[in-house]
Amino acid sequence: MLNMKRAKVIHHVLLVLMVVSIGPLGFYGYQLIQFNREQLKTQERFSQINIAQSLARLISLYLSNAREQVDGFIASSLDLSSGQELELAGNRSLEKKLEDFVGRSKNLLSINIVNNKGSGVEAGVHNVNDEGMTKHFLAKAFQSASQNQQSYVSEPLTIEVGKEAKPVIIMSSPIKPRGKGKGIGAVTVILKLDDILHWVTEYSVAGKTVYVVDFNGQIVVHPSPKTMPAGMDLSRV
């Protein structure tokens, strides 16, 4: 009888010791899990910030390089010293230069140079005659650059090139004589965003989906362009 009582006492003592020891272990284990979660959240935030900063630099460089290439072409191909009206109609030499320029560029779909009267020359692989939205943005680009003397960048849009849908933007700049007088025309380009699409696709790994939107919340590029095309409004998402 005494042995049974002693066994019960020892059993209860062991239970108490287990509870006393497991309690702190459980608490510290919970604290450790919470700490690890916070660490992972912090690391994920830093990762997202680094990706955003890296993409912002790449996109800024991409757009500035495109504009510099176009400005360089204009400076070398047009006589900007006199400040007189650009004579573009029937200029086969300029048309050939335009065709060569677009053909060498992997980023330009088309380029259009017009004088202040609205006549000019163009070259490129994309025919915009049946693209209502594209024509709308081209008209806005011409008005901004030629009439308002301001550079212009359109909202992102998707256009059909052959059998592919391409994310693009339209950029325009006023053409000014070397003396920096009043503008004498405008140059407008349709710029492909294939390189930016490649970058966001590369970053979209390990469960991440990286995409770019403009200030209005519209998609610029998304790694799934067929379901999330350029120009889709995500401002309310």
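The rules behind each value
- Along each chain, the written sequence defines residue order, and numbers are assigned to residues from 1.
- In view of the model being predicted, local features appear only for residues whose pLDDT reaches at least 70, and side-chain atom pairs are presented and counted only at 80 or more, with totals across whole chains, interfaces and linings using the full set of residues.
- Working from all heavy atoms in the structure, the side-chain values ignore hydrogens and water.
- Working definition: helices are DSSP H or I runs of at least four residues, strands are E runs of at least two. Numbering for both runs from the N terminus.
- For the exposure calls, accessible area comes from a 1.4 Å probe over protein chains only, and a residue counts as buried if that area is under 20% of its type's maximum, exposed if over 50%, partly exposed in between.
- Two residues qualify as a contact provided that any one of their heavy atoms is within 4.5 Å of a heavy atom in the partner residue.
- Using a 1.4 Å probe, accessible areas were evaluated by the Shrake-Rupley method; residue-level cover was limited to the displayed protein chains.
- What a helix should span is 1.5 Å times the count of its residues minus one.
- By construction, the arc corresponds to the directions joining the helix axis to the C-beta atoms.
- Two rings from Phe, Tyr or Trp (for Trp, the six-membered ring) form a pair when their centres are within 6.5 Å of each other. A pair whose planes differ by under 30 degrees is stacked, one over 60 is edge-to-face, and the rest are tilted.
- Only when DSSP finds a minimum of two bridges between them are two strands counted as paired.
- On a scale of 0 to 100, pLDDT captures the predictor's confidence in every residue.
- Think of a salt bridge as a Lys or Arg side-chain nitrogen and an Asp or Glu carboxyl oxygen that are within 4 Å of each other.

When its secondary structure is counted, the protein shows four helices and eight strands. Along the protein, from the amino end to the carboxyl end, the secondary structure elements read α-α-β-β-α-β-β-β-β-α-β-β. Within the protein, the proportion of its 237 residues that are buried is 35%. Within the protein, residue pairs in contact and separated by at least 24 positions form 56% of the contacts whose partners lie at least 6 positions apart. Carbon and sulfur atoms make up 56% of the accessible area of the protein, which totals about 15,100 Å².

Turning next to helix H2 (residues 92-104). Taking 1.5 Å per residue as the helical rise, H2 with its 13 residues ought to reach 18 Å, and the 18 Å between its terminal C-alpha atoms agrees with that figure. Burial in H2 covers these residues: Leu94, Glu95, Leu98, Phe101 and Val102. Within H2, the buried residues cover an arc of 125 degrees as seen down the axis, which keeps them to one side. Across H2 from its buried face, at more than 90 degrees, point the exposed residues Arg92, Gly103 and Arg104.

This part covers the environment of Ala52. Note on placement: Ala52 falls in helix H1 (residues 2-77). Take Ala52: its relative accessible area is 45%, and that puts it in the partly exposed class. Spatially, the C-alpha atom of Ala52 lies 9.0 Å from that of Val212, the residues being 160 residues apart in sequence.

Summed over the entire model, instances satisfying the criterion amount to two aromatic pairs. Geometrically, the ring pair formed by Tyr62 and Trp199 is edge-to-face, given 6.0 Å between the ring centres and 85 degrees between the ring planes. In this pair, Tyr62 is assigned in helix H1 and Trp199 in helix H4 (residues 194-203), connecting sequence segments 137 residues apart. Like Trp199, Tyr62 is buried. Judged by centre distance (4.5 Å) and plane angle (15 degrees), the ring pair of Phe73 and Phe101 falls under stacked. With Phe73 in helix H1 and Phe101 in helix H2, the pair connects residues that are 28 residues apart, well separated along the chain.

Here strand E2 (residues 120-124) shows a clear split, with Val121 and Ala123 buried on one side and none of Gly120, Glu122 and Gly124 buried on the other. Here strand E1 (residues 108-115) pairs with E2 via five bridges, running antiparallel. Its bridge partner lying in E2, Ser110 is registered against Gly124. If you look at the hairpin formed by E1 and E2, you'll find four residues sitting between the two strands, and Gly118 has a positive phi there, around 90 degrees.

As a further point, take the confidence of the model for the protein. Overall, the prediction assigns the protein a mean pLDDT of 76, with 75% of residues at 70 or greater. Segment residues 1-9 is flagged for pLDDT under 50; beyond a separation of four residues in sequence, or across chains, it makes zero contacts in the model.

Under the criterion given, the structure shown has four salt bridges. For Glu95, the salt bridge is made with Arg92, and the minimal N-O distance between the two is 2.3 Å. In this pair, Glu95 and Arg92 are both assigned in helix H2, three residues apart and thus about one turn of the helix distant. A residue is classified by how much of its surface remains accessible, and Arg92, at 52% relative accessible area, is exposed.

It is a general feature of regular strands that their side chains alternate between the two faces of the sheet. Counting buried residues along strand E6 (residues 185-192), eight of its eight residues qualify, which places the element largely inside the surrounding structure. Side chains of E6 alternate between two faces, with Gly185, Val187, Val189 and Leu191 and Ala186, Thr188, Ile190 and Lys192 buried alike. As paired strands, E1 and E6 are joined by seven bridges and run antiparallel to one another. Across the sheet, Leu108 pairs through a bridge with Leu191, a residue of E6. Taken together, the eight bridges between strand E5 (residues 164-175) and E6 define a ladder with antiparallel strand orientation. Note on E6: the bridge partner recorded for Pro174 is Ala186.

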